[in-house]
Amino acid sequence: MIEPLGISHDDTVMSKQTGLRADDPYGGRRPTSHERQAGQPWDASYRGGSPPWEIGAPQPAVVRLADAGVFTGAVLDAGCGTGENALHIASQGLRVLGIDVAQTAVGIARERAAARGLDTEFAVADALHLGRLDRLFDTVLDCALFHAFDHDERRAYVAGLATVTRRGGRIHILCFSDSDAETPGPHPVSREELEAPFTPEAGWRIVSVRPERLDATFAPDGAPAWLAMIERNDV
Ligand SMILES: C[S@@+](CC[C@H](N)C(=O)[O-])C[C@H]1O[C@@H](n2cnc3c(N)ncnc32)[C@H](O)[C@@H]1O
């Protein structure tokens, strides 16, 4: 049985669910395509200093979304990293759960929440098994997670999104795009690849996909990105 999230700050959702060894760097899950390619778990990126996506602030595009009032109700930040986006959304008075497979990042996010007096919830959990959260959300943010998944992982991820997104709820995805050959980010995604898993048959409606920028330390002016807004409807 899945225990409610946030009860213990020492445990992880995954280890509670699997009972697997705490010293397994992958927490008992299969390494993702990105981790297999990198030869190390996501967590290692946070243990060796600041990873390139850590800009020490929420992503400007996420701040603009928040200013536009798109985040409503219960919010899930999938692949939250050290929590700057989740904490920015929470500072607007919203209930936010940030999840990430990187335990070190989740620890930092919890420390930042405490330092800012926010009771934002952060949990170590796998976005490829979202159904295990056993929760529903009105809004989901994916800032730079989708593009790190391969074709099959995206299918699994979107199937999981269907189980945790309330009917009428919206998903906001910010991912690197293939729209600028000069300064591409890693894992550039075409518009077709972004839209492909969100089919009407599976209950999705693509509301909009527009060009954006995704800031990173290697691209101070931002790398070309897509910002997609996708709505969960009846199947
Ligand atoms: C490029 S970083 C972006 C982090 C954060 N959203 C931000 O904007 O700073 C991608 C994040 O997704 C996390 N991640 C990768 N695969 C994941 C999975 N299967 N489930 C949950 N988080 C995952 C990584 O650990 C990493 O923190």
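Criteria and cut-off values
- Residues numbered from 1 in each chain as written.
- Predicted model: local features only at pLDDT ≥ 70, side-chain atom pairs only at ≥ 80, totals over all residues.
- Pairing = 2+ DSSP bridges.
- Helix = DSSP H or I, 4+ residues; strand = E, 2+ residues; numbered from the N terminus.
- Axes fitted to C-alpha atoms, helices over the stretch in contact; angles between N-to-C directions.
- Contact = placed C-beta atoms within 7 Å.
- Near = placed C-beta within 6 Å.
- Nonpolar A, V, L, I, M, F, W, Y, C, P; charged D, E, K, R; others polar.
- Buried ≥ 20, exposed ≤ 12 C-beta atoms within 10 Å, placed from the backbone.
- Core = buried A, V, L, I, M, F, W, Y, C linked by C-beta atoms within 7 Å.
- pLDDT = per-residue confidence, 0-100.

Visitor: Go over the sheet that holds strand β7 (residues 219–232) with me, naming the residues and quoting the values.
Guide: One key point about sheets: their strands pair by backbone hydrogen bonds, in either a parallel or an antiparallel sense. The strand order across the open sheet built from 7 strands is β3-β2-β1-β4-β5-β7-β6, with neighbouring strands paired in mixed fashion. The open sheet is flanked by β3 (121–124) and β6 (204–216), the only strands paired with a single partner. If you compare each strand with its neighbour and ignore which way they point, the axes differ by 20° on average. As judged from the 4 bridges shared by strand β1 (residues 74–78) and strand β4 (residues 137–143), these two strands associate in the parallel manner. Its bridge partner lying in β4, Ala78 is registered against Asp142. Contacting β2 (95–100) and β3, helix α6 (residues 103–115) crosses the sheet at an angle of about 165° to β3. Lying over the sheet, helix α7 (residues 151–164) contacts β1, β4, β5 (165–176) and β7, oriented at roughly 145° with respect to β5.

Visitor: Tell me about the site of the ligand, and name the residues and values.
Guide: Taken together, 20 residues surround the ligand, and among them Trp42, Gly79, Gly81, Ala102 and Ala127 come closest. Split by residue class, the shell around the ligand holds 13 nonpolar, 5 polar and 2 charged.

Visitor: Lay out the environment of Thr120 with the relevant residues and their values.
Guide: Considering the arrangement of structural elements, one finds Thr120 in the loop between α6 and β3. Owing to 25 C-beta atoms within 10 Å, Thr120 belongs among the buried residues under this scheme. Counting along the chain gives 27 residues from Thr120 to Gly93, while the straight-line C-alpha distance between them is 10.0 Å. Not counting the four nearest positions on each side in its chain, Thr120 is found in contact with Ala86, Leu87, Ala90, Val96, Gly98 and Ala113.

Visitor: So what's going on with the environment of Val106? Which residues, and what values?
Guide: Within the secondary structure layout, Val106 lies in helix α6. C-beta crowding within 10 Å serves as the criterion here: with 25 such atoms nearby, Val106 is assigned to the buried category. Sequence separation of Val106 and Tyr46 is 60 residues, and the distance between their C-alpha atoms is 9.9 Å. In contact with Val106, other than residues within four places in its own chain, are Asp100, Phe122, Ala123 and Val124.

Visitor: Could you give me a rundown of the nonpolar core, with the residues and numbers involved?
Guide: One recurring pattern in soluble globular proteins: nonpolar side chains tend to sit buried together. The biggest cluster of nonpolar side chains holds 59 residues, and the ones touching the most others in it are Leu174, Cys175 and Ala225. Looking at this core element by element, the count peaks at 6 residues for β7. When sequence neighbours within four positions are dropped, the list of residues in contact with Leu174 reads Gln59, Ala61, Val62, Cys143, Ala144, Glu212, Leu214, Ala225 and Leu227.

Visitor: Break down the pairing of β7 for me, with residues and values.
Guide: Examined bridge by bridge, β5 and β7 share 7 bridges and lie antiparallel to one another. Considered in β7, the bridge of Leu174 is made with Leu227. Note: β6 against β7, 11 bridges, orientation antiparallel. Across the sheet, Ile206 pairs through a bridge with Ile230, a residue of β7. Between β6 and β7, which follow one another and run antiparallel, lie 2 residues.

Visitor: Any details on unusual backbone geometry? Residues and values, ideally.
Guide: Residues other than glycine predominantly adopt negative phi, and peptide bonds predominantly adopt the trans conformation. Positive phi outside glycine occurs at Asp134, with the angle close to 60°. Tracing the backbone shows Asp134 in the loop between β3 and β4. The backbone of Ala144 shows a phi angle near 75°, a positive value even though the residue is not glycine. Mapped onto the elements of the fold, Ala144 is located in the loop between β4 and α7.

Visitor: Can you lay out the confidence of the model for the chain for me, pointing to particular residues and giving the numbers?
Guide: Per-residue confidence for the chain gives a mean pLDDT of 90, with 89% of residues at or over 70. Here residues 1–12 scores under 50 on pLDDT; set against residues more than four positions off or in separate chains, the count is 17 contacts. Predicted confidence for residues 14–21 stays below pLDDT 50, and this span has 18 contacts to residues more than four positions away or in other chains.

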